[in-house]
Amino acid sequence: MLVNLHISNIALIDELDIDFSEGLNILTGETGAGKSIIVGSIGIGLGGKFDQSLLRDPSRDGMVELLFNVDSVMEERLSALDITADQGEVLISRRLTGGRTVNRINNSTVTVSLLKEVSGMLLNLHAQHEQRTLLKPEMHLELLDSSDSSLIPLKEAVAALYTEHKEVMDKLSDMQTDEAERAKKLDFLSYEIKEIEDARLRPGEDEELEAQYRRGTNQRDIAEVTGEVYNITGYDSDRSAGNMLSRAVREIQSLAKLDDTASELSDMLSEIDSLLGDFNRQLSDYMSESEFSEEELREVEERLNLINSLKVKYGRTFEEICDTLIELKKEAEELESFDETLAKLSTEEKELDKKLSEAADKLSKARKKSADKLCKDISGSMADLNFNKVDFTMKFEDLPKPTKNGRDRAVFYISTNVGEKAGPLNEIASGGELSRVLLAMKSAISEKGGTPTLIFDEIDSGISGVTAQKVGKMMKKLSGSHQIIAITHLPQIAAEADSAFLIEKTTREGRTFTNIRALADEERVTELARLLGGENITDSVLSAAKEMLGM
């Protein structure tokens, strides 16, 4: 359940903390007091839009935090998303700082998509605009599917087969070309294959050639540097290091004959002389290898140009060019064996079409069974909401061909008056009826499990009297299995609250603030009286309020 809501620096809210309880939490307040701000802030906490325009003070950070208590079942569901509860608590927070939104779950930064997935498991927000969902027939099937988790694997199977079938159909479509076009395409493929194979590429060849080309183009500078080094370190001049070092070796060796303790020095200098000799031999080899003729340089350049042209056409690396060659050969083979390939694809398409049709039929059958159960449950809930002998069903129509969502088009049908023919929900139901239908749906679906916390934003719109009382009873019943947080303007619903809160607008130092506070028993009487009688709160109104509260 939602334990605490913290809002900071959003719209008319400076700093606000709300501690919710189990059961039915009712929020009331004057029109314009800021109920929509609180609902909007909860929406932000669930991953909704959060930008600078929402901040009360643009120089400060804005923040929304939602603290939940979770049971072991929910902990296990969250662990599948690598979310670990901290001693049975999950803290979801969103902070807008410097124009950037930071999303965290238990102090770990997460993506907004993960935050939405996690928050959607913990809380479901039913805002006023959700009634419009019922006005869109294309959404009715989605509502049905969301009510029964057993439909998920059937839908996934249909979607996978649809994708596979479409890929085969696309291949067949691509092959529907005339003979001349196929021959032209095969000729071009043969040219591309030959171009790659004739190049006889080797792994790493391009890097070797580039190194050779660099040496070839820098040959003059290389020769000048290496020649100078060779002259300095070689043995061709009396003043070269090699000759001078050789003389030094001979002198130190004569010293060693005069003094045994100098033998170590003699050995060290001899080793240096040997190393210098090795260096000069390797330098001489390098100088010989670095000698490029104009013809050799031209050959390297031409080979590099060929390789680079193949890279432009077929891939940036040797491996990519090889992969392209494999694909080209496969495509050419299919064209060469066109009739065989076409027959194979046609057979595959028919098999997939049959499997897709069977999977769609299986999904449709399961949907219809689930729809019967859902409509029966909704009808029962609607009877509790003052619908007299309501006829609520779902009518199915087959699409010409299965889609990734199956072959069904389904629409809720309703008749709210005895003897009247049922019609599409979006054409028959009034605004107040839509509110109750939506609540009945939520009640029927929520009783199967789902999110532990449900928030209703004025779902009582367009109702009054006995109907409002029945809506309150329904929400009270639903709060036995779920935490319910509801914003209402009806006393019949407010009277059912386990915990009551008042949203109010205050003025301090010339500025307006929205706040919320829990109501004690006497304050609940006063607020309920205001909902009953408006500004004119008489003793009889207060008495009626106490009676509604059972006081």
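Use the structure listed above.
Criteria and cut-off values
Residues numbered from 1 in each chain as written. Predicted model: local features only at pLDDT ≥ 70, side-chain atom pairs only at ≥ 80, totals over all residues. Heavy atoms only, no water. Phe/Tyr/Trp six-rings, centres within 6.5 Å; stacked < 30°, edge-to-face > 60°. Helix = DSSP H or I, 4+ residues; strand = E, 2+ residues; numbered from the N terminus. Buried < 20%, exposed > 50% of the residue type's maximum accessible area, 1.4 Å probe, protein only. Axes fitted to C-alpha atoms, helices over the stretch in contact; angles between N-to-C directions. Parallel < 35°, antiparallel > 145°, perpendicular 65-115°, else oblique. Left-handed = near helix turned anticlockwise from the far one by under 90°. Contact = heavy atoms within 4.5 Å. Nonpolar A, V, L, I, M, F, W, Y, C, P; charged D, E, K, R; others polar.

Caption draft 1: A look at the packing of aromatic side chains. In this structure the tally under the stated criterion is 3 aromatic pairs. Where Phe-20 meets Phe-501, the ring centres are 5.5 Å apart and the plane angle is 65°; that geometry is what we call edge-to-face. Of this pair, Phe-20 sits in the loop between β2 (13-19) and β3 (24-29) while Phe-501 sits in strand β14 (residues 499-508), placing them 481 residues apart in sequence. When its relative accessible area of 6% is taken as the criterion, Phe-20 is described as buried.

Caption draft 2: A look at the packing of helix α10 (residues 241-258) against helix α11 (residues 263-289). Put simply, α10 and α11 touch, their axes get as near as 9 Å, and they point 160° apart. The angle between α10 and α11 falls in the class roughly antiparallel. By crossing handedness, the relation of α10 to α11 is classed as left-handed. Of the residues in α11, those touching α10 at Ala-241, Gly-242, Leu-245, Ser-246, Ala-248, Val-249, Ile-252, Gln-253 and Ala-256 are Ser-263, Leu-265, Ser-266, Leu-269, Ser-270, Ile-272, Asp-273 and Leu-276. Of the residues belonging to the contact of α10 with α11, the class tally is 10 nonpolar, 6 polar and 1 charged.

Caption draft 3: Structural context of the packing of helix α5 (residues 137-146) against helix α14 (residues 338-383). Between α5 and α14, the least distance of the axes is 10 Å, while the angle of their chain directions is 85°. Taken as axis vectors, α5 and α14 run roughly perpendicular relative to one another. From α5, Leu-141, Leu-144 and Asp-145 reach across to α14, where they touch Arg-367, Ser-370, Ala-371 and Leu-374. Each residue belonging to the contact of α5 with α14 can be placed in one class, and the counts come to 4 nonpolar, 1 polar and 2 charged.

Caption draft 4: Up close: unusual backbone geometry. Unlike most non-glycine residues, Asp-82 shows phi in positive territory, near 65°. By relative accessible area, which is 70% here, Asp-82 ends up exposed. At Asn-106, a residue that is not glycine, the phi angle is positive and equals roughly 50°. Within the fold, Asn-106 resides in the loop between β6 (100-105) and β7 (108-109).

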